[in-house]
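Topology and contacts: notes
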Amino acid sequence: MNMVGAQTVAEGINDIDGYKFGKAKEVYTALVNKEPSDANYFYLGNAYLVQSEPDFEKAAEYFSKGVALDAKKSFFSRIGQASVKLGKGDKAGAIAELNQVAKDSREKDPEVLYRIGEALALYPNHNDPKLSIEYLNKAVNLAEKKGVPEYYYYTLGDANRLNKNWGEAMNAYDRALEVAKNKAAVYTRIGTLWTSAKQWERAKDNIDKAIQADANYAPAYKARGGFNIVYQKYDQAALDYKKYLDLADSDPNTVLDYAKLAFLAKDYTNAGSALDSVFDKIDDPIKYRIKAYLQYQAKDYAGAKTSLETFLSKAEKSRILPSDSGLEGLILAAIGKEKKDAAMLQQAQQKVAVAKAAKDETFDWDAELASASGTAPKVASGEGGPSNAAIDALKKQVAADPKNTDLLYKLANEYQGVQNWGGAASAWSQMANVLQTWEPAYYSLGYALQKSGDAAGAIAAYQKYVDVLAAKPAADQAKGKELLANSYYNMASLTANADKAKALEYVTKALEANPADADAAKLKEKLSK
C-alpha cells in the first residue's frame, strides 16, 4: 500500500468514523491533488459510499480515475468499483470481482483485504457477511505484526453483527476497546448492538459511556436518539439528533440524514427546515422520499403521492424498501378515505402489508393505517363509568406521573374490579404506549376493549399481542402460549359472524397454540359446518 500522506489518510478515516463526511472529502481531495494514486482515489470515492446515503455516481467517478492508472494493479479502485456493483444489487458480479482482486494482490496487503471485507458488509440489503468475516480475519491476522488498526475490529464486529453472530461481534468490539484511541467509537457500537438485541439497560449504559469518553462524538448522540425513540421520548430524541448534526458537519448528505431522523423524532418543523436547506444541493432522489413523509404528516396527500412517485421513478431498484410500499399504502388510504374509494382502500391495505411482512418499524403500521383510513377504533375512556376512591386517587397520581407503570397497572386493575371496561382499556392503552414490547399489556387491552363492546379495537390489540410475542426469544414465546391461544380464540369469536373463514383461521391457530382448549375445539367444529 502506498503510505504517502498516511497521517492524512488516517485523519480522513477518523473524520468518517465521526460522521464528518464533508471534512473527510476535503482531506481526500487534497490528497488526490497532491498525489493522484490508486489508494487516494479510492479513499475519496469510498467517502461517498460510506456516508448515510451512498452516492454511487460520484464514487464511481473517482474509482474510474484510479483504475485508469493501472487497470490490473489498481486494487483499491477495483474494490471500489465492485462495491458500487454490490450496492446496486449485482451481488454475484461484485463478489467475483472482489475475489479476483484478492487473487491478483496475492493477499499480501492487509488494507486490501480489509477494504474487500468492508465492502461485503457495507450495505444493509446487499451483502455477504460470512465472506466479509473471512477477509476481515485475514486482514487482522496479517496486520498483527505492525499493530491492528481499531477500525479493522469495528468492521469485523459489524460484519458478525450482520451475520447475527452476537458473541463474535462483542468479541471484536472488546478487542477494539483495547487498541482504540477514542473509546467512544467502541462504546457506541456496543450500545447499538445491545439496542438491536433489545437489552435496553446495557444499551443505555454503553451509550452513556461513549458520551462520557468523548462528549463531541456525533455518532453517540445519533445512537442515543434511536434509543430514546424506542421509549417514545421524542423531545429528547429530537435534541439528541440536533446535537448529532451540530457535531458532525454541514455536508448536505448529513443534513439530509438529520431531516430523516428529526421526522422519526416527530420534530417536523426542524425536519422540514433541514430538508429545504439542502434540497436543491442534492441530486440523490432520497430527498423525495423524505419529502413524501413530511407531506404525509402535514396531510398533503396529493403532494406526498407525487414526491413518493418521483423517488420510486428515479431511485435504483436496490434502494427501494418495504417501508416505501407502506408509505404508499398510507397515502392511498388517506386519499381513498377522502374519495370514499373502497378499491383504493383495499389497495392501501395490500401495500401496508408489504411493510408489515418485512417487520419494518418506521410506523406502527396497523395504527397508522387505521388513522389514515378513518377506521381507528374509538378512544377508550373511563369517564361516566363505575368508580371508587382508589380510582380517583390513582387517576390524580397518573396525571402527575403518566409513565409510571406501577400506577397504570394498579389503575387498570381497579377499573376492572368495578367493571369499568372503558377505564381499564384506557389505562392498559397507556401502559402499552410506555412498555411497547411488554405483550401482556396488549392482551389486557384487547380483553378490556372486548368487554366494552369495541370489537375492532379488541381484534387490533390481540393481534398486537401476537406480533410482539412473535418477536421475542423462544423461551418467552413458550411462556406466552396460553395468552396466545386465548388471543386467537377471542379474535375467532369476534369475527365468527362477519368473516367465517377468517374466524376459522384464528381458531385453528388457537388450537395450534393449545391443542387441549375444549372451547376452541367446539368453536372450530361449529365454524367448519
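Thresholds, definitions, all that
- Residues numbered from 1 in each chain as written.
- Predicted model: local features only at pLDDT ≥ 70, side-chain atom pairs only at ≥ 80, totals over all residues.
- Heavy atoms only, no water.
- Helix = DSSP H or I, 4+ residues; strand = E, 2+ residues; numbered from the N terminus.
- Axes fitted to C-alpha atoms, helices over the stretch in contact; angles between N-to-C directions.
- Parallel < 35°, antiparallel > 145°, perpendicular 65-115°, else oblique.
- Contact = heavy atoms within 4.5 Å.
- Nonpolar A, V, L, I, M, F, W, Y, C, P; charged D, E, K, R; others polar.
- pLDDT = per-residue confidence, 0-100.
- Patch = residues over 30% accessible without salt bridge, like charges linked within 9 Å, V, L, I, M, F, W, Y side chains within 5 Å.
- Areas by Shrake-Rupley, 256 points an atom, 1.4 Å probe, with all protein chains shown as cover.
- Salt bridge = Lys/Arg side-chain N within 4 Å of Asp/Glu carboxyl O.
- Buried < 20%, exposed > 50% of the residue type's maximum accessible area, 1.4 Å probe, protein only.
- Lys, Arg positive; Asp, Glu negative; His and termini not counted.
- Polar contact = N/O pair within 3.5 Å; in protein donor to acceptor, adjacent residues only side chain to side chain.
- Core = buried A, V, L, I, M, F, W, Y, C linked by side-chain atoms within 4.5 Å.

Overview of the environment of T508
Along the chain, T508 falls in helix 29 (residues 500-513). Counting along the chain gives 13 residues from T508 to A521, while the straight-line C-alpha distance between them is 8.5 Å.

Regarding the packing of helix 5 (residues 75-87) against helix 7 (residues 110-120)
Look at helix 5 against helix 7: their axes get within 10 Å of each other, and the N-to-C directions meet at 5 degrees. The orientation of helix 5 with respect to helix 7, classified from their angle, is roughly parallel. Across the interface between the two elements, F75, F76, I79, S83 and L86 from helix 5 touch E111, V112, R115, I116, A119 and L120 from helix 7. Here the contact of helix 5 with helix 7 is composed, by residue class, of eight nonpolar, one polar and two charged.

Brief notes about the confidence of the model for the chain
With 97% of its residues at a pLDDT of 70 or more, the chain shows a mean pLDDT of 92. Looking over the chain, one finds the lowest element-wise mean pLDDT in helix 21 (residues 365-373), namely 84, and the highest in helix 7, namely 98. A low-confidence stretch, residues 1-7 (pLDDT under 50), is modelled with eight contacts involving residues beyond four sequence positions or located in other chains.

Quick look at a nonpolar patch on the surface
There is a patch of nonpolar side chains on the surface, built from Y409, L435 and W438 and spanning about 260 Å² of accessible area. Topologically, Y409 is positioned in helix 23 (residues 405-417). Judged by relative accessible area, which is 42%, Y409 ranks as partly exposed.

Some details on the packing of helix 6 (residues 91-104) against helix 7
Between helix 6 and helix 7, the shortest axis-to-axis distance is 10 Å and the interhelical angle comes to 170 degrees. Between helix 6 and helix 7, the angle is such that the two are roughly antiparallel. Contacts between helix 6 and helix 7 involve I95, L98, V101 and A102 from the first element and V112, I116 and L120 from the second. Residues that form the contact of helix 6 with helix 7 fall into these classes: seven nonpolar, no polar and no charged.

Topic: the side chain of D267
With respect to the helices and strands, the residue D267 is situated in the loop between helix 15 (252-264) and helix 16 (268-278). Despite its burial, D267 remains without a salt bridge, the nearest opposite charge being carried by K242 at 8.4 Å. Here N270 takes part through its side chain, which lies 3.0 Å from a polar atom of the side chain of D267. When near neighbours in sequence (up to four residues on either side) are disregarded, D267 contacts A238, Y258 and A262.

Structural notes on the nonpolar core
Counting 126 residues, the largest nonpolar core has Y28, I116, L120, Y152 and Y296 as the members making the most contacts within it. Among the elements that line this core, the one with the most residues is helix 3 (residues 38-50), at nine residues. Look past the residues within four positions of L120 in its chain and what remains in contact with it is L86, I95, L98, N127, D128, P129, L131, S132 and Y135. Of all hydrophobic cores here, the second largest spans 45 residues; its members include L445, Y465, L469 and A492.

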